[in-house]
Amino acid sequence: MAYGGAAAGAALAGCIGGDDGPARPLEWIGPDWAVSDEQAEKMEEMSDVEVNTTIATIGDTQAQLLGGGSENTDVFTSDTTGSGALTRDNPVTIPMPVEDLENWDEEQISDLFTDPAERLSHLGEQVDTVNQELWVDGDTREEILFSPYAYNFDAMGYNPSFVDDVSLWSAQFDEQYEGEVIVGETAAITIPQAIMHLLDNDMIDGDIGQLNNPTQDQLDTAIDFLIEEKEAGQFRSTWEAYGESVTLMAGEEAVIGDIWQPAAMDVRREGTPCTYATMSEGIQGYRYWYGGMATLEGARERQNVEQVTFLYDQVHLGAWFPGFVQGRGYSVPHYENEELVRDGSDDSGEGMGPEYYDWAYRGEATYEEIDEPALFDPLDYDWSMEEGSPDSNGGTRDSGPIEERIDRIGFFQIWPEEADYMVSRWEDFLAA
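Residues numbered from 1 in each chain as written. Predicted model: local features only at pLDDT ≥ 70, side-chain atom pairs only at ≥ 80, totals over all residues. Heavy atoms only, no water.

**Details of the overall build of the chain**
Here is step 1 of the chain: Counting secondary structure elements, the chain contains 18 helices and 16 strands.
Here is step 2 of the chain: The C-alpha atoms of the chain give 22 Å as radius of gyration, which agrees with the globular expectation for 432 residues (22 Å, within 12%).
Here is step 3 of the chain: Expressed along its principal axes, the backbone C-alpha trace of the chain runs to roughly 65 × 55 × 40 Å.
Here is step 4 of the chain: In the chain, which comprises 432 residues, the share counted as buried stands at 59%.
Here is step 5 of the chain: Element-wise, carbon and sulfur atoms account for 41% of the exposed surface of the chain, whose accessible area totals about 17100 Å².
Here is step 6 of the chain: Counting 19 positive and 91 negative side-chain charges, the chain places the centres of these two groups 1 Å from one another. (Helix = DSSP H or I, 4+ residues; strand = E, 2+ residues; numbered from the N terminus. Rg over C-alpha atoms; globule rule 2.2 N^0.38 Å. Buried < 20%, exposed > 50% of the residue type's maximum accessible area, 1.4 Å probe, protein only. Areas by Shrake-Rupley, 256 points an atom, 1.4 Å probe, with all protein chains shown as cover. Lys, Arg positive; Asp, Glu negative; His and termini not counted. Charge placed at Lys NZ, Arg CZ, Asp CG, Glu CD.)

**So, the packing of aromatic side chains**
Here is step 1 of the chain: Following the criterion strictly, the structure yields 33 aromatic pairs and no others.
Here is step 2 of the chain: Aromatic side chains W33 and W289 sit 5.3 Å apart centroid to centroid with 75° between the ring planes, which places their arrangement in the edge-to-face category. In this pair, W33 is assigned in the loop between β1 (26-30) and α2 (37-47) and W289 in strand β13 (residues 286-296), connecting sequence segments 256 residues apart. W289 matches W33 in its accessibility class, with the two residues each being buried.
Here is step 3 of the chain: Ring centres of F321 and F324 lie 6.1 Å apart, and the angle between their planes is 40°; this geometry places the pair in the tilted category. Taken together, the positions of F321 and F324, both in helix α14 (residues 320-326) and three residues apart, correspond to about one turn of that helix. Of the two residues, F321 and F324, both sit in the buried class.
Here is step 4 of the chain: Three or more aromatic residues joined by ring pairs form one cluster here, namely F76, F113, F146, Y151, F153, Y286, Y288, Y290 and F412.
Here is step 5 of the chain: The residue whose ring lies beneath K230 is F429, and the NZ or CZ to ring-centre distance is 4.8 Å. (Phe/Tyr/Trp six-rings, centres within 6.5 Å; stacked < 30°, edge-to-face > 60°. Lys NZ or Arg CZ within 6 Å of the ring centre and 35° of its normal.)

**A few points about the pattern of salt bridges**
Here is step 1 of the chain: One pass over the structure, following the stated rule, counts 18 salt bridges.
Here is step 2 of the chain: The closest approach of N and O atoms between E403 and R119, which form a salt bridge, is 2.7 Å. Here E403 is found in helix α17 (residues 402-407), whereas its partner R119 is found in helix α6 (residues 116-119), with 284 residues between them in sequence.
Here is step 3 of the chain: A relative accessible area of 32% means that E403 is categorised as partly exposed.
Here is step 4 of the chain: The salt bridge involving D398 is made with R268; its shortest N-O contact spans 2.7 Å. Taken together, the residues D398 in the loop between α16 (354-362) and α17 and R268 in helix α11 (residues 261-269) connect sequence positions 130 residues apart. In terms of burial, D398 and R268 fall into one category: buried.
Here is step 5 of the chain: Each of E338, R342, D343, D358, R362 and E387 takes part in a single network of salt bridges with overlapping partners. (Salt bridge = Lys/Arg side-chain N within 4 Å of Asp/Glu carboxyl O.)

**Section: helix α18 (residues 419-431)**
Here is step 1 of the chain: Here α18 spans 18 Å end to end across 13 residues, near enough to the 18 Å set by a 1.5 Å rise per residue.
Here is step 2 of the chain: Where α18 is concerned, the buried positions are A419, M422, R425, W426 and F429. Down the axis of α18, the buried side of the element spans an arc of 130°, and every buried residue falls inside it. Exposed residues lying more than 90 degrees from the buried face of α18 are D420 and A431.
Here is step 3 of the chain: Contact partners of the buried residues in α18: β9 (181-184), α8 (187-200), α9 (216-231) and β10 (235-239). (Expected span 1.5 Å × (residues − 1). Arc of directions from axis to C-beta. Contact = heavy atoms within 4.5 Å.)

**What to know about the sheet that holds β9**
Here is step 1 of the chain: Across the sheet, which stays open at both edges, the five strands sit in the order β10-β9-β11-β8-β12 with mixed pairing between neighbours. The open sheet is flanked by β10 and β12 (275-276), the only strands paired with a single partner.
Here is step 2 of the chain: One ladder, built from four bridges, connects β9 with β10; its direction is parallel. Counterpart to V181 in the pairing with β10 is F235. (Pairing = 2+ DSSP bridges.)

**Details of the packing of α2 against helix α13 (residues 305-316)**
Here is step 1 of the chain: Interaxial distance between α2 and α13 falls to 10 Å at its minimum, and their mutual angle equals 105°. Relative to α13, α2 is oriented roughly perpendicular. Contacts between α2 and α13 involve Q39, K42, M43, M46 and S47 on the former and, on the latter, Q307, F310, L311, Q314, V315 and H316.
Here is step 2 of the chain: Grouping the constituent residues of the contact of α2 with α13 by class yields five nonpolar, five polar and one charged. (Axes fitted to C-alpha atoms, helices over the stretch in contact; angles between N-to-C directions. Parallel < 35°, antiparallel > 145°, perpendicular 65-115°, else oblique. Nonpolar A, V, L, I, M, F, W, Y, C, P; charged D, E, K, R; others polar.)

Right, dumping it as structure tokens:
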């Protein structure tokens, strides 16, 4: 609630909205992986609208906005585990009409977003949850409920000095890595990953369509299994904070774990080799999530609906953002617009250029030879803006071309219907 007071104070110090005109600065809240100074500065550069960013965890963002902060905040960012609480369950947001977006062209946006029912048909019932997050109406697709601008296909990071190539979540439970595995403490992530292993090995009843929305019986089976693994010493540690996962892998206390792709890059920056897995097709595929933004009801009173639309459409669906966010390992919905994202420019800046784009989205090698691929840092590499030839010894992006990653999605990350039961049982695992 302190945030609500601060935001209201900022609005009053400038202009309160209503008949007096737009309130400034534009107020934007979300987690640090999704809201950065660079994004805010780009908005200010392009629109002359000052942006005030508030960094908060997804849970804190929900608490602040549902506690009244939505009335004096313009836009929030989350991922798909936290968006539904604000867009559907306790709606404090305003949908974004597709007709208001210059850069949302169904011919240029991946069908991962424009037609998830077709593109992700292998996920069965999970597709319904994708549409629930994305659209007001998944059939008409005229209004976006939670507008996507960054996403990833999460897998495992592993040290190739100790671990052979792995492509299944089952590797976390392989006895040869006993005591050298780390798993995250987020129930909605670690439990479905365990269910993938159990389902693929006929150790649990169910099908791929239930992976992201398990029943109480499925939750019991998965958590009991994880408790057994923990008590048997399979895990070196569980990790709660991002930095913990980096420290454990960089110090070689662990050699494999369900870490985020940016964490794998930070492990490399500490001088420890780390490869991000290419997951298999089918049940043990990638954990897919997306980060997006939604216009809050306060933006209407503060006369900032158009400014939030500009932030999404012109800044995040423009030419500059894809290269910026790829530095964190994340992709963008409009990568198919190669004329802009690969080779073009707009008011936001230049696109990625041919070498960086082809490495990130097509799975092609760098133009220069890379001696140690498991230590390659894309942020330190000098990407060519001119067409060139991939080197036979060049580095390639971990996990391969984006179309192959999409084909290998195993589950879509959400906050499940049995969340209360999941959280209560999860305490049993943490206490074991």
